[in-house]
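So the chains spell out like this:
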There are 6 protein chains.
Amino acid sequence: MPMDLIDYSQASDRVRAVYDDIKATRNLPDVNNFWKSLAHHPESLERTWTSVKQVMSPGALDPLTKELIYYAVSVSNNCRYCMASHSASAVAKGADKEMLMEVLAVVGMANETNRLANGYDVPVDPAFVDAW
Amino acid sequence: MPMDLIDYSQASDRVRAVYDDIKATRNLPDVNNFWKSLAHHPESLERTWTSVKQVMSPGALDPLTKELIYYAVSVSNNCRYCMASHSASAVAKGADKEMLMEVLAVVGMANETNRLANGYDVPVDPAFVDAW
Amino acid sequence: MPMDLIDYSQASDRVRAVYDDIKATRNLPDVNNFWKSLAHHPESLERTWTSVKQVMSPGALDPLTKELIYYAVSVSNNCRYCMASHSASAVAKGADKEMLMEVLAVVGMANETNRLANGYDVPVDPAFVDAW
Amino acid sequence: MPMDLIDYSQASDRVRAVYDDIKATRNLPDVNNFWKSLAHHPESLERTWTSVKQVMSPGALDPLTKELIYYAVSVSNNCRYCMASHSASAVAKGADKEMLMEVLAVVGMANETNRLANGYDVPVDPAFVDAW
Amino acid sequence: MPMDLIDYSQASDRVRAVYDDIKATRNLPDVNNFWKSLAHHPESLERTWTSVKQVMSPGALDPLTKELIYYAVSVSNNCRYCMASHSASAVAKGADKEMLMEVLAVVGMANETNRLANGYDVPVDPAFVDAW
Amino acid sequence: MPMDLIDYSQASDRVRAVYDDIKATRNLPDVNNFWKSLAHHPESLERTWTSVKQVMSPGALDPLTKELIYYAVSVSNNCRYCMASHSASAVAKGADKEMLMEVLAVVGMANETNRLANGYDVPVDPAFVDAW
């Protein structure tokens, strides 16, 4: 606590295969500390990477929008590592400081009105029920 | 609990002024239940509307992206009313069902990796520190 | 789910002893549903009542202030039952609707600035370190 | 991460106007780090200060009670900066160590019973529905 | 909201393949509503099932222990559906009512001491640092 | 913040009585920092120790299973001290690193599906209602 990081040179073949895929997919010279920690549990490393790769690939939403949402949830949950890594990823995908600070403003406001809506016990408007 | 809703016809002039601004700003025939509940505390109604209007107006991020982030935080916090209202707002601003389901996938994944990062106590990569 | 409620007439002697103490301490004709549910696990019923009674008794803080804090945390955590019971308790101890709505305003604001402080990663001011 | 602090001497006129109002309202020689961080986004600085000033001013609840509630929510949400700043503010408004430790006891107890009430899925007592 | 459930008879081949695997793996005549909702997003259905199947299979921990942990986290997060489904799964794997009520007691206590530890800002004991 | 730790040599008789019981019950040469912090509020120290001792004693669940659940909730809530102390306690009761990493995998997965279940607003299956 914290666990030591498993670098490529120390990693098993199973772990190296994941590292190689991360580096190739993201075009990076090395994987970040999150993966080097998860490598203590190769099963979690493989599963988490497979899931993150799928979820964050372009779809109906573009990669930057997904990254901003990931960052927003991480701020709301107060995950310090995740805030650092996902804001850096967002910048790498085109976000600037002004955009990140607007994300923070929305996260703050949502956390406020979430509690107001629950506290006032607001009934759902009928118009919202079949909106999508 | 829930509090009764204050309709326009019952509202004070102070409350009606806010309702009028909401309807004009959003081009809607009526305000939704959140505002009709908050109207029990006119000070909170005015302040919250002023803040939401400012935060959600276009800036470095477009209105749809902001709405998707608002929805994402509301899902993560399990605010049922907020999930309903902000997904409906997102649809009104151009989101479709596929986009909302991708938001849910990102929210789920972020909540998972937030706990993994904390549980493994991953140290922040030096490269993230000055990323923005 | 929900579990059936254990009324006094069905309760064991062990459970009745707790119910009797709750009714005597709070001067109420019957215990509320929280205790009638917990009665399925007499050990939890006894321990929780003993703890709540101790924590909520007058000390450096008066009972109403403690009740408002209890309500505030319950709103922030979105516990629907707890919001209902602790707002009712606050009213029984002298709170009015205006006070409860101010509590909601503080809870909303705290949830907003909690995320802003974390998101901006604000360093603690030296003056705060030894404030108490 | 953390963002550098914007001191008065470096601040724009727009930011200085907020700093001046904070210092005058609170009768302090300088603003604390929260505001010096938010100053990176002047719009958030202005909006947040306006909201906090309004919410925390005396109303149906006195300023110390509001501050204790703010502190309680911040502890429950585990916002380290907010715990430090709002406990210091509470002390400045008359709280002592014994009062703060009673707040912590209530916060702990509320977090426990919030989960018990949800886990046992306790139905809301009819008497609570129209309590306020 | 809620989304309509996609039954086997309406499902695409892609969705049916997942349903078939769930039914075979768990030896059930039908899948539960969680999967019938996720089926609106086949990619999430496949990924989530693959992950849940892997995580919940026997390893260093037996399936019942894993299910109790899953239930505990769901209670702590107040996910009503998840509490219902994972307590039912725990019962199917051998849990009884007494065990589930002890889980609730631990969840409540953990939520209390989590806040006390944060509020008192307890420094980590050196002995804990390299405990595993 | 953090509060200074109250060692046995400085402790009042009331506090020493609790310390003695903790050491005897757990067969340890000293109490950990959590108790040395809580000792600032002897009432909270006594009550919390009494509750933890009761909740964590063997019952329908064995002590290790309870400890893993305690750890799981602490990870999910991001209580750094609690993660450290309860993983150390779990190790002392027989857990190994592989088991703790499987706990983390379950905690992560539960946090993901909790949000998916809420976001998709999945209706509770009738079969779950009376499962226990």
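Let me sum up the structure you'll find in this document. Predicted, not measured: the structure shown is a model, and the values here were computed from it.

1. Section: the packing of aromatic side chains
Right, so step 1: Across all of its chains, the model carries 30 aromatic pairs over all chains by this definition.
Right, so step 2: Plain terms: the ring middles of D:Tyr8 and D:Tyr19 are 6.4 Å apart, the flat faces sit at 35° to each other, and that makes the pair tilted. Of this pair, D:Tyr8 sits in the segment before α1 (13-26) while D:Tyr19 sits in helix α1, and the two are eleven residues apart along the sequence.
Right, so step 3: Overall, D:Tyr8 belongs to the partly exposed group, its relative accessible area being 29%.
Right, so step 4: D:Tyr19 gets classed as buried once you look at its relative accessible area, which sits at 1%.
Right, so step 5: With centroids separated by 6.4 Å and ring planes inclined at 25°, the aromatic side chains of E:Phe34 and E:Tyr81 adopt a geometry described as stacked. Residue E:Phe34 is found in helix α2 (residues 33-38), and its partner E:Tyr81 is found in helix α5 (residues 80-92); the two are separated by 47 residues along the sequence.
Right, so step 6: Judged by relative accessible area, which is 8%, E:Phe34 ranks as buried.

2. Some thoughts on the relation of the copies chain A and chain B
Right, so step 1: Its rotation angle being 180°, the transformation that places chain A on chain B also includes 0.0 Å of axial translation and leaves an RMSD of 0.0 Å. Look at the turn and shift together and you get a two-fold axis relating the two.
Right, so step 2: Interface overlap between copies is the fraction of interface residues in one copy that are interface residues in the other; for chain A against chain B it reaches 100%, indicating a shared surface.

3. A closer look at the interface of chain A and chain B
Right, so step 1: Every contact between the two is made by 68 residues of chain A and, on the other side, 68 residues of chain B.
Right, so step 2: Carbon and sulfur atoms make up 72% of the area that chain A and chain B hide from each other, which totals about 6200 Å².
Right, so step 3: Along the contact surface separating chain A from chain B lie four salt bridges.
Right, so step 4: With its nearest N and O atoms 3.2 Å apart, the salt bridge here joins A:Glu102 to B:Lys66.
Right, so step 5: Applying the counting criterion to the chain A and chain B interface returns 24 residue pairs in polar contact (both at pLDDT 80 or more).
Right, so step 6: Looking at the side of chain A that touches chain B, the elements with two or more residues in it are α2 (33-38), α3 (42-56), α4 (63-76), α5 (80-92) and α6 (97-119) of chain A.
Right, so step 7: Take the side of chain A that touches chain B: its biggest share by element is 20 residues, from α6(A).
Right, so step 8: A per-class count over the side of chain A that touches chain B returns 41 nonpolar, 18 polar and nine charged.

The rules behind the values
- In this numbering scheme, every chain counts its residues from 1 along its sequence in written order.
- Ligands are numbered from 1 and chains lettered from A, in the order in which they are written.
- It should be noted that, the model being predicted, local features are given only for residues of pLDDT at least 70 and side-chain atom pairs only at 80 or more, the latter also being counted only at that level, while totals for whole chains, interfaces and linings use all residues.
- Remark: hydrogens and water are excluded; side-chain values derive from all non-hydrogen atoms of the structure.
- The criterion for an aromatic pair is that two Phe, Tyr or Trp rings (for Trp, the six-membered ring) have centres within 6.5 Å, with stacked assigned to planes under 30 degrees apart, edge-to-face to planes over 60 apart and tilted to the rest.
- Segments assigned H or I by DSSP are reported as helices when at least four residues long, segments assigned E as strands when at least two residues long, and all are numbered from the N terminus.
- Only protein chains enter the accessibility calculation, which uses a 1.4 Å probe; a residue whose area is less than 20% of its type maximum is buried, one above 50% is exposed, and one in between is partly exposed.
- What sets the superposition is a least-squares fit of C-alpha atoms, and only residues with pLDDT of at least 70 in both copies go into it.
- Every residue pair with non-hydrogen atoms within 4.5 Å of one another is taken to be in contact.
- Throughout, buried area stands for the accessible area (probe radius 1.4 Å) lost by two parts on being put together, summed over both.
- Whenever Lys or Arg places a side-chain nitrogen within 4 Å of a carboxyl oxygen from Asp or Glu, that contact is recorded as a salt bridge.
- Here a polar contact means two N or O atoms within 3.5 Å. Within protein one must be a hydrogen donor candidate and the other an acceptor candidate, and residues neighboring in sequence count only if both atoms are side-chain atoms.
- Following the grouping adopted for this structure description, the nonpolar residues are Ala, Val, Leu, Ile, Met, Phe, Trp, Tyr, Cys and Pro, the charged ones are Asp, Glu, Lys and Arg, and the polar ones are all others, Gly among them.

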